[in-house]
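Residues per chain are reported as follows:
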Amino acid sequence: MKKRFYLFASAITALLLSACGNSESAPASSGIFGTIPGQMEQYEQKSDALKATITNDNFGKVSKELDDLKTKYKENLEKESEAINGKEVPVEFDSEILKQEGPLTIAYLSMNAKAPNLGFAGNIVAAKDLTLNIGEKDLKPSPYLSGNYKVRVTMPVGIEFLDKEGNVVLNRNEIGILPAENNGTTAIVKAGTPIEFGKRSFPMSPKMADVVKVRLTVDLSKVPYYSTVKDE
């Protein structure tokens, strides 16, 4: 009788341990970036917990566990990044400056050692002709240059990542550019010119879990980017 009770208790204990070992709460996915921020937070917590157990005797074993953990979470992050690639994002902007002619979507660009590189794609354009804050002398190439040169002018487009209350979680000075026409005296972003997002990315972190929308910003009081390039 005692033997049977012992076997029964052992079986129950093993079942409970198995259940606890295999259970892993799914990270929150209420924001526009799905489970990515939550997975990053889980990885940091588990990695720190493992590192805290390292001793001279178990260094090799724990190092292997850390490598396995990193591989697993990198695979999970890649899958989630692919899942949200092309996902439409709610966007705000000054309607006197920008106009939306198509959805703004998340673009999965690549994967680095710790986090995915994400950017944006979409058809957001200048709402009207935008005269930029740049002097005439800066619009002309140096007279000492030999050959055909021109001054290329672009206006940076910033971004703010917002939570549901409208608080700024993160901001970047440049997520895209608006190319301008340089006529030698003024630089103007013509109405209908689309934002060029290109491969510009932003940093992902656990705090991005609360982001539910973004705001695109163009500060026309600032001097635009300008550089001298060969006129092909």
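No experiment lies behind these values; they were computed from the predicted model shown.

Caption draft 1: Quick peek at a positive patch on the surface. Together, Lys51, Lys70, Lys74 and Lys114 make up a positively charged patch on the protein surface. Note on placement: Lys114 falls in the loop between strand S2 (98–111) and strand S3 (116–126).

Caption draft 2: Inspection of the sheet that holds strand S7 (residues 181–182) at higher detail. Taken together, the three strands give an open sheet; going across it, the order is S4-S8-S7, and neighbouring strands pair in antiparallel fashion. Because the sheet does not close on itself, it has two edges, and the strands there are strand S4 (130–131) and S7.

Caption draft 3: Seen up close, the nonpolar core. Core analysis: the biggest nonpolar cluster contains 44 residues, and Phe33, Phe120 and Phe161 have the highest contact counts within it. Listed by contribution, the elements that provide at least two residues to this core are helix H2 (36–51), helix H3 (59–84), S2, S3, strand S5 (149–162), strand S6 (168–179), strand S8 (187–189) and strand S9 (213–217). Broken down by element, the residue count for this core peaks at six residues, all from S5. Those residues within four positions of Phe120 in sequence are excluded, and the remaining contacts are Val89, Leu104, Thr105, Ile106, Ala107, Ile159, Phe161, Ile175, Phe197, Phe202 and Val214.

Caption draft 4: Here's a closer look at the side chain of Asp163. Inspection of the secondary structure puts Asp163 in the loop between S5 and S6. For the buried Asp163, no salt bridge is present, and the opposite-charge side chain at shortest range is Lys213, 7.8 Å distant. A polar contact of 3.0 Å, which involves the side chain of Asp163, links it to the backbone nitrogen of Glu165. Within the structure, Asp163 has its side chain in polar contact with the backbone nitrogen of Asn167 (distance 2.8 Å). Among all residues touching Asp163, those that are not within four sequence positions of it are Val169, Asp210, Val212 and Lys213.

Caption draft 5: Structural view of empty space enclosed by the protein. In the structure shown here, the tally under the stated rule is one cavity of 30 Å³ or more. Estimated volume of the largest cavity: approximately 70 Å³. For the lining of the largest cavity, the element with the most residues is H3, which contributes four residues. Here the lining of the largest cavity is built from residues that sort into five nonpolar, no polar and three charged.

Quick notes on the rules
- Residues numbered from 1 in each chain as written.
- Predicted model: local features only at pLDDT ≥ 70, side-chain atom pairs only at ≥ 80, totals over all residues.
- Heavy atoms only, no water.
- Patch = residues over 30% accessible without salt bridge, like charges linked within 9 Å, V, L, I, M, F, W, Y side chains within 5 Å.
- Areas by Shrake-Rupley, 256 points an atom, 1.4 Å probe, with all protein chains shown as cover.
- Salt bridge = Lys/Arg side-chain N within 4 Å of Asp/Glu carboxyl O.
- Lys, Arg positive; Asp, Glu negative; His and termini not counted.
- Charge placed at Lys NZ, Arg CZ, Asp CG, Glu CD.
- Helix = DSSP H or I, 4+ residues; strand = E, 2+ residues; numbered from the N terminus.
- Pairing = 2+ DSSP bridges.
- Core = buried A, V, L, I, M, F, W, Y, C linked by side-chain atoms within 4.5 Å.
- Buried < 20%, exposed > 50% of the residue type's maximum accessible area, 1.4 Å probe, protein only.
- Contact = heavy atoms within 4.5 Å.
- Polar contact = N/O pair within 3.5 Å; in protein donor to acceptor, adjacent residues only side chain to side chain.
- 1 Å grid on protein atoms, 1.4 Å probe; cavity = no way out; pocket = protein on both sides within 12 Å on 5 of 7 lines; lining within 4 Å.
- Points joined across faces, edges and corners; volume = space filled by probe spheres on them.
- Nonpolar A, V, L, I, M, F, W, Y, C, P; charged D, E, K, R; others polar.

Function-wise, these values are silent; they only describe arrangement.
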